Structure formats: C-alpha cells, structure tokens
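Okay, here's what each chain looks like letter by letter:
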Amino acid sequence: MPSSNGELVKAFREISHEFKTLQQTRLNGRSDQGVARLSSLDVEDLADRLEQLRSSLAECLTEVEGQLRESQLAAADARNFYRALGEAVGADEEALRRRDEAINSIEDHRELDERAAASEEENKQLANGLRLKSTIANIGDQFQRLENTLKESAINCTKARKRAAAIQEELEEAKRREEERQRQEAEEAERRRQEELRRRQADEAAAAKAAAAEEAKRRRRAEEAAGEDSDGDDGSGGRHRRKSSSRRRARARAEAEAQRKREAEAAAAAAAAEEAERRWRPVVLAASMADESDDASAAEADNAACAIRAPDGAVQPDDFKCTLVPLDQADVGSIPPGDELVSGVVRLEPAGLSRVQISGGGEGRRHWYFMLPHCAQRQAARETVVYIYEDGRWQERPSAETHIDMQGLPARWVETKITDTSVTAVAVNKLKTDRFSVGKPGIRYSSSVDNRICLTVPEDALKIQLDQTIEVQPVDSSTLAVIKSQLPRETHGLLTCSSIIQHTSICKNTLRPVTFNFQLPLNPAGAKKTRPGTATAGAAGGAASSVAASGRPMTAKPKATPNSDEEDELVVLLGCDGQRRCVGVGGSGGGSWSVLDQLDIEEEPGKDIVGFRTTRFYDRRFIAFRVKPEFNADTASRICEAIETNLEDKSACFVLRQKSDNLTEVSLALTASGRLDRTLKQLQEAGYGYDGISGGLGGGGGGSNGPGVSEDIRVRERQQFRLRFRGNIICEDDDPDRPSEFVLHFNSQMKNRLELSVTERDRFAQRALDQFRGYIEVTTDMAVQKPVKDAKKGNPHQTVTVMEEAVVAKMLICVPKSEEELRVKSPRATPFVFKSKDSVTMEYLRDLAELVCDNWELLADKLEVSKKRCSVIKKTSESQETQAYDMLITWVKKLPVLKNKVLILCRALNASGYPHLAASLRDAERERRLRDENGDDYD
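Everything quoted here is computed from the prediction, not taken from an experiment.

Draft legend 1. The overall build of the chain, seen in detail. Within the chain one finds 17 helices and 36 strands. The proportion of buried residues among the 939 residues of the chain is 36%. Long-range pairs, those at least 24 residues apart, make up 74% of the contacts in the chain between residues at least 6 apart in sequence.

Structure (structure tokens):
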C-alpha cells in the first residue's frame, strides 16, 4: 500500500496506463494470438492492483475527511476568536469613547454636573466606573477652585487698574488746575499790560490834544495882540471887522464850552445810570421742556436756565415762562460753524396775560438785562456772547461776562441788554472780536489776543470815522502737521503758517498807506537766510517779487535755486473776501482763497514779525505761509481750505455704559476725544460703570479706545446724529414693531448724553445665549460726491455733492437673562402631534417611556440623540418617565418622514438590552399590516 498520497497517485497513473494500453490493443483489432499472450496471471495481477488502489483511495478519503473536519473546527475556533477579539476591541473603543466624553465634559465646566451624572449612569457596567467618577469629580473641584481664584485675581486687577486710573486722573486734574491758574495769571497780567498801554496811549493822546489846544490858544492870543498893536489909521471898517471876528471867536468858544459841559453831563448821567443798573438784583427763572423731545443736548441744561436783571420790583418770577428748545427745533444752522454752544436754547415769553412793566428809571429808557449760564472754558482767543434769534436768523448781541452771588447756581453767566419781553437766546463761545474806530487822527491798534498783530493807520489817512473789527483764529503746529499728512504733495516746501486774521471794515481807500503787522513763526528746522517776498500764483517754482523796507525790489537780487549753498525762504500771503464759511456751503463764504501778489511783504531778518502795506480797507481774512522756493503757490488755496475745515471739524467718539446695579439702564454719550477720560469718570460717578459685555461694532469692537467706546470720527459743531435700536434690544417704552428714533447733537463744550431704559424685543429669541443682545445704530448725513446722471451734454466726469445717510457707529448692548428665562422650555410645553402610519404612535411612545425610564440614556445613545440635548432634558424635566418621553419626542421630531421608525426603534431596543420590547413591536406592526391591507410595506 502506498505510504503517501503521492505514491497512490503514481500507482493509479501506471494502472490507468496499462488499462488504456490493453483497451487500445483490443480496439486496434490485433490477432487472437496477441491476445492469447496475455496470461491470466497478468489479468489477476491487474485486478489485485485495482483492488488495492480502491482500498487506498478509501483510506485517503477517510483521512481527508478527518483533516477537513479538523480544519472546520479550527476555522470555527478562529471565527470565535476573532468575534471575541472584535467584541474586546469594541469594548475598548467604547471605553475610550466614554473616557474622551468624560475629558470633554471636564473642559465644558458649565455642563460638568450633567455630564458627570450621565457618565455615572453609563459606567455602571464598567469595573472602574467608580474610580473614574471620583477622578472626574476631583478634577472638576480643582478646576472650579482655579476658576474662582482666577476670577478673584481678575477682580483685584480691575480694582487696581481703577485705583491707578483714579490716581492718574487726580494728577492730571491737579496739573490741569495748575496750568489753568498759570494761564489765568498770564491772561490777567496781559490784560493789565494792555489796559496800561491803552491808558498810556489815551494819556498821550489827551496830552497831545491839550498841547495842540494850548498852541492854538497861544496863536489866537498872539494874533489878537498883533491886531491891537497895529496902526490906528485903519478906520472904522477895520475896527468893525476885528470886533466881529472877536465876537465870532468868543461865540465859538462859548459853544464849544457848552458842548463839553453837555457831554460831561451826559457821561456823568450815563455813569450814574450804569452804577444804578449794577445794583439791580437778578431774578432767576427755572426752565421746562418745550415738548417730550429726545434731544439730549437740550435736556442736559441746568434747571436754572436764565435770569432777568431789572429794577427792584419790576419783575416777578411768575411774570415769565422759560422754556428749553431742542436743538433740532431751534434752527441752529445759521450760527457760524466755528462757534460753540455753551448753553441750552432758551425761549422767554410773558406768562399768560400778565403785563410786564420794565423801566430803567429814566425817561425814554425801557430796557433790561437777560442773563444765561454757560459752561465755556477760558481761552485767550475766544469769548462768550449771547445770540438772539431775530428775523429768521441768529444775531450776535453785545455781551459781558458776569456772575450771580447765590448758592446753588452756576458760577459763570453772560448777559446782554434787550428791550423786548419775548426773546429766544443761546450762549455761544466764539472767536474774540476786537472792535474799534479809525478816524483822521489815526491809530495804532494791537489785538487783545496777540499784541504782535497790529494795525497802524497814520494821521490824515482817513477823513471820516470807520468802524473796524479784528478776529484771530490761531493755527497751532499740530493742525499744520495734520494738514501735511493729509496733503503731502501740496504742502511740499511749506514750513510754517500764521494765524487766520479776519479784518472787517467798509471797503474804503486811504490817503496814506496803512500797515498790518502779524506774527509768522520762523523755520523750526533752524535759522535760515530769509528774504521777504510774495510768491505769484503763476510761478511753478516759487518765484517771488517783493519790496524791502528800503523800497528796493527783491527781484533785483540774484535768484536762489534749490542747489544754492544757502537756501532762501519766501513768504506767501493769501486772502479771502468775506466772513467765515457757513455750514452746508462748499468753499469759502464770499469768495475763495487766492495769493495776494499785489501786496508787498516786509520782514526784519531773524524776527518772526512780518507786515504788509495797503491803501484800501477790505472785508477780508488773510493768512501767511513761510515756504521754500520749491513750494507750488497754485496749491496754497487748497491748503487754506483744508486748514479751515480741520479747525471746524473735531475728533469725537461714542461711549456706552450700563448701570452696575441695573444693566437695563443705559447711557450713551458723544464726547470729544480729548475729553474721553473726563467723560468716563463722570459716567462712573453717575453709576454707569459697567462695560464688561458692551463694545463698539463697526466703529470698533471695543476699538483702540477700549471696551464700550467707538472709533474716533470727524464731526462738526451741532452735527445731528440719529440713533436707532437694532437686534433684540429696544427702548422700554417702545413698540417692538415700531421702535423710536432718538437724536443727539454734538457740542464740544456741553454734555451730549442720552440715558434710556432698555428691554428685550422678544424674550423667546436667542435661546443659545445667556443674555439678550442688540445694538444702537448711529447714523448721520454726510456729503458724498456722485456723478451727474445726464452728463452727455456736458463733462462726462462731472460730479455733484449730495447728502446721504451713513452709519458711523454701532454700539452693542447686552442684558443678562433672568433665571426663569434661562430655563429652556420642555419639548412637551409646545404641543407636538404627529400622524403615524405605523405602530410608533404617541401612545406607544408614552408607554415605552415608562418601560425604559431606568435606562433611557442608553436608548437615546442608540437613537443618536445628542448628549447636549439629553442634558437639557434632564435639567428641564423632573421625573425619569418625563425625561424618557421627551427624549423619544425629540427623536421623532428630528427623524425624516420617509425613514422606517419601526425598524430603527427595534434595532435600538435590541442594542439597548430590550429584545422583548423589539419583538413585541414587530408583532404589533405585523398584526397592523394584516388588519390594514393598504398599509405601507414592511422592509
């Protein structure tokens, strides 16, 4: 018997070969003799070998079947092994997933308790569940302690910063008071010096006048003596002429003496009346609002809105009605743009039918003094006056600073003399105006703002008396630096500039040249060789023509080039006819800036005083530039307009704060950027110190100025801003569908503040947040250049300036939710009804919730309901049955309509350890199909 499968195969092949040979021999029809040669022995041997082969094949088959059975058993063992291995890997993955969820729950400290509880329920079947839960709890406690420590540190840091800021503000306030005291002392010294100078000039003029009168008297006496000593042969005609001449002179002297007596009596009477008027006691009047306006500027004024100074007993407080007028109703657009309001607009009128009798005490004199409190800062170049609204526009009235010695009243007042009992007035801080007259004797007048600005009119230059005014608008180095940054190409070669001087007069020619002297700073880079001159408008390279003090034309000297060893400096004088421009008017009022190349500039080398001579008075403002030769004089007018615009515009920002004890109380302030620290301190003192969740949007999310402060914007005096609520925040008294619009005006020297009570628009919105959010949108009208629509006939690039509303800031407001509002409503709170086409009905879900309530979170995991939703359900529902039902309702809500709810729920029940519930659900679905032949097919 072959010992191996290979030998068995070999024997089988040999026997097959012999058998095939025998068969082939028979088929080929060989002779009987050949067949006979096959002995019976061979046949028997072949049969034996076939039998052996059959038995060997049977044994091999038996052995192969045994090996196959062993292989099947080994495969079954391998399958069991790999199944056990997969279950172990799945268990490990489940353990790893649960561990990751536990770690994530530690990171989310707000849901730490909920997730720890969920992890405790899910890890009951794990051997190390209790140890993991203890570790998580310890880590949570440590994290909470660390968070509390960080909060305490942040609070301490905030308090320290506030203390440091308060100390810094106190130091700045002390420094400011010291600077204010020094400035006041300097102003007082300058005022005394000017008064002494004027007194000395008046004494010199009086002495000169007395000397001239004495000389004239001496000459008359000499002439009379000469007439008396002449020959007596003149006859009666000569004596008669001398007597007539003597009588005329005597009569003229008597009339002059009488005129002097009358003037002295009038002056004495006026002084007595003025002294009596000084003893008039003021009557202070309180104010009421004209209407329920939302204009914060008018509402910010003091309760003591005005006062009346009249003879004792002539006026009673009940005789007048004082009303504060909102700025949007006061037509303040006619006030010059550089003038600043320092009080509210006050309308005074007789109360009811009362008859007010005011008299100054003298015959024909019926006037009284109207007084307004103001908050203007003391500045050498500015003064406070009263504007009266007459004939449809605001007009300046002669005013004087005063005060009222009463406790509880504002310290500073301004008054003016009026005769009408009905008046609308406002206090305005404007450029100081020097008023004087020029006549035949001539004058040398120095400005009260800067005595280096001087007008010299020689004697006999005028034959009539002319009233003159001078206003000085200082231009500091910071303003010039801003202009250079805005116009770098136009200001190339510009070194310094003078103040803008407004000289107002009747246009009149003078018989002799008059001289204007003013200050023009020297080159700050160092002393340069200077030559006076005026750049012509057509000179591209700064060519100049001038006349020195000696009268020699400067153009006769060699022309300096930029490559010269010593660089020359030129003086360019520019002028503009008319007053300062008004709001809403492009360009300059009354004309545009131009180079005054027809005037000759005079300057002493090494000094900062320049001057020019003219033979005509103009109503004009002018400015001078110190420039290099490469300065392009064609751009000078644009520089002047930019300087005026920059002086009129100011940098401001919006500040939003909420009360610390009541976050629904909001204060929005509009303040100049330089007064930001003071405004923040005032809001803090008023209780508006909360800025933790407020910030600027669009104007800056907190911006560079800090939280709750917008980015800086450029504004002008009395510019109007409209405020609207957006988002989920509105004013407390507003209709949610039609919120109100508020108005805020910018006044650089007044408090521009809006205080409101806010509330949420929809308490059911913003469920994902722990606070209600909205913002205040701030808009204003801005000038925009737009192309002309019908530009075919003219210039296709022609543009027109139009006013459009633009958003300048967005201030975020956040109001925390209450504890009741933080509780999310249960899914059953909102009725949910669905029509089921299978066995998963609302009744079945309610019954199922009672059966799986002990382990509903595991079923929720198999149904892919998020753990965050489960945490919310556990927080909002009390019993486990309700929690299980809410989870099932949540699953049904998010499940697509075409999904098979029965199949999905059966799989989840099997995976959750409820196979009997899954079997009963399948049986119920099968019975339902049998009863309803038109039902949906079951997959």
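Draft legend 2. Just the state of the cysteines, in detail. Applying the stated criterion to the full structure yields zero disulfides. Free cysteine: Cys-640, not disulfide-bonded; nearest cysteine sulfur from Cys-497 at 8.5 Å. The buried category is assigned to Cys-640, whose relative accessible area is 2%.

Draft legend 3. Region of interest: the pairing of strand β18 (residues 500-504). Within β18, four of the five residues are buried, which leaves it mostly tucked inside the rest of the structure. In this structure, strand β16 (residues 466-473) lies alongside β18, joined through five bridges in antiparallel fashion. Each residue of the ladder has a partner; that of Gln-473, found in β18, is Ile-500. Taken together, the three bridges between β18 and strand β26 (residues 620-627) define a ladder with antiparallel strand orientation. By the bridge assignment, Ile-501 is partnered in β26 with Phe-622.

Draft legend 4. Region of the structure containing the environment of Gln-465. Tracing the sequence through the fold places Gln-465 in the loop between β15 (454-457) and β16. On a C-alpha basis, the gap between Gln-465 and Lys-440 in space is 7.2 Å, while along the polypeptide they are 25 residues apart. Discounting residues that sit within four places of it in the chain, Gln-465 has contacts with Ser-437, Val-438 and Gly-439.

Draft legend 5. Representation of the packing of aromatic side chains. The full count for this structure, using the stated rule, is 12 aromatic pairs. Ring centres of Phe-725 and Phe-742 lie 6.1 Å apart, and the angle between their planes is 85 degrees; this geometry places the pair in the edge-to-face category. Highlighted residues: Phe-725 in strand β31 (residues 720-727) and Phe-742 in strand β33 (residues 741-745), separated in sequence by 17 residues. According to the relative accessible area criterion, Phe-725 is buried, its value standing at 2%. Using a relative accessible area of 5% as the deciding quantity, one classes Phe-742 as buried. Grouping aromatic residues by their ring pairs yields a cluster made of Phe-516, Phe-518, Phe-612 and Phe-622. Stacked on the ring of Tyr-618, the Lys or Arg Arg-616 has its end atom at 5.6 Å from the ring centre. When the ring centre of Phe-772 is taken as reference, the NZ or CZ atom of Lys-817 above it lies at 5.1 Å.

Draft legend 6. Here's a closer look at the sheet that holds strand β11 (residues 413-418). Spatial strand order, β1-β3-β7-β11-β10: five strands in an open sheet with antiparallel pairing. Strand pairing shows two members of the sheet lacking a second neighbour, β1 (282-286) and β10 (399-402), which therefore form its edges. The sheet shows a mean angle of 30 degrees between the axes of neighbouring strands, taken without regard to direction. With five bridges joining them, β1 and strand β3 (residues 304-309) adopt antiparallel strand pairing. Counterpart to Leu-285 in the pairing with β3 is Cys-306.

Draft legend 7. Just the packing of helix α12 (residues 842-851) against helix α15 (residues 880-894), in detail. The contact between α12 and α15 brings their axes to 8 Å, and the two run at 140 degrees. When the interaxial angle is binned, α12 and α15 end up oblique. Handedness of the α12/α15 crossing: right-handed. For the pair α12 and α15, contact is made by Met-842, Leu-845, Arg-846, Leu-848, Ala-849 and Glu-850 and by Glu-881, Ala-884, Tyr-885, Leu-888, Ile-889 and Val-892, respectively.

Draft legend 8. Structural context of the pairing of β16. For β16, a buried count of seven out of eight residues is recorded, marking the element as mostly surrounded by other parts of the structure. Where strand β13 (residues 433-438) meets β16, six bridges bridge the pair, whose relative direction is antiparallel. Of the residues in β16, the one forming a bridge with Thr-433 is Glu-471.

Draft legend 9. Structural view of the side chain of Thr-510. Relative to the helices and strands, Thr-510 resides in strand β19 (residues 508-519). By relative accessible area, Thr-510 is classed as buried at 10%. At a separation of 2.9 Å, a polar atom in the side chain of Thr-510 contacts the main-chain carbonyl oxygen of Arg-512. Apart from the residues lying within four places of it in its own chain, the contact partners of Thr-510 are Ala-461, Leu-462, Thr-614, Thr-615, Arg-616 and Phe-617.

Draft legend 10. Up close: the sheet that holds strand β34 (residues 752-760). The five strands lie next to each other as β30-β27-β28-β34-β32, forming an open sheet whose pairing is antiparallel. Only two strands of the sheet have a single neighbouring strand rather than two, namely β30 (713-716) and β32 (729-731). Across the sheet, the axes of successive neighbouring strands diverge by a mean angle of 45 degrees, strand direction being ignored. Examined bridge by bridge, strand β27 (residues 649-658) and β30 share four bridges and lie antiparallel to one another. Within β30, the position partnered with Lys-650 by the bridge is Val-715. Sitting on the sheet, helix α9 (residues 636-648) is in contact with β27 and β30, with an inclination near 25 degrees to β27. Along the sheet, helix α10 (residues 676-685) makes contact with β27, β28 (665-672) and β34, crossing β27 at roughly 25 degrees.

Draft legend 11. A look at the pattern of salt bridges. Under the defined criterion, the tally for this structure stands at 31 salt bridges. The salt bridge involving Lys-650 is made with Glu-340; its shortest N-O contact spans 3.6 Å. Of this pair, Lys-650 sits in strand β27 while Glu-340 sits in strand β5 (residues 340-341), and the two are 310 residues apart along the sequence. Using a relative accessible area of 8% as the deciding quantity, one classes Glu-340 as buried. A salt bridge links Arg-452 to Asp-608, with the nearest nitrogen and oxygen atoms 3.5 Å apart. Placement of Arg-452 in the loop between β14 (443-446) and β15 and of Asp-608 in the loop between β24 (600-603) and β25 (609-617) is noted, with a sequence separation of 156 residues between them. Each of the salt bridges in this network shares a partner with another, and the network as a whole consists of Glu-383, Glu-396, Lys-430, Arg-435 and Glu-471.

Draft legend 12. Up close: the environment of Leu-574. Within the secondary structure, Leu-574 sits in strand β22 (residues 570-577). For the pair formed by Leu-574 and Trp-593, sequence separation is 19 residues and the distance between their alpha carbons is 6.4 Å. Once you skip the residues sitting within four places of it in the chain, Leu-574 turns out to touch Trp-593, Ser-594, Val-595, Leu-596, Arg-621, Phe-622, Ile-623, Phe-625, Ala-636, Ser-637 and Cys-640.

Draft legend 13. Expanded view of the nonpolar core. By size, the foremost hydrophobic cluster in this structure holds 32 residues, and its most contacted members are Leu-863, Met-887, Leu-905 and Leu-909. In terms of residue count, the dominant contributor to this core is α15 (seven residues). The contacts of Leu-909, once residues within four sequence positions are left out, are Tyr-844, Leu-848, Leu-859, Tyr-914, Pro-915, Leu-917 and Ala-918. Leu-756, Phe-772, Ile-776 and Val-778 belong to the second largest nonpolar core, which has 28 residues in total.

Rules and cut-offs
- Residues numbered from 1 in each chain as written.
- Predicted model: local features only at pLDDT ≥ 70, side-chain atom pairs only at ≥ 80, totals over all residues.
- Heavy atoms only, no water.
- Helix = DSSP H or I, 4+ residues; strand = E, 2+ residues; numbered from the N terminus.
- Buried < 20%, exposed > 50% of the residue type's maximum accessible area, 1.4 Å probe, protein only.
- Contact = heavy atoms within 4.5 Å.
- Disulfide = S-S within 2.5 Å.
- Pairing = 2+ DSSP bridges.
- Phe/Tyr/Trp six-rings, centres within 6.5 Å; stacked < 30°, edge-to-face > 60°.
- Lys NZ or Arg CZ within 6 Å of the ring centre and 35° of its normal.
- Axes fitted to C-alpha atoms, helices over the stretch in contact; angles between N-to-C directions.
- Parallel < 35°, antiparallel > 145°, perpendicular 65-115°, else oblique.
- Left-handed = near helix turned anticlockwise from the far one by under 90°.
- Polar contact = N/O pair within 3.5 Å; in protein donor to acceptor, adjacent residues only side chain to side chain.
- Salt bridge = Lys/Arg side-chain N within 4 Å of Asp/Glu carboxyl O.
- Core = buried A, V, L, I, M, F, W, Y, C linked by side-chain atoms within 4.5 Å.

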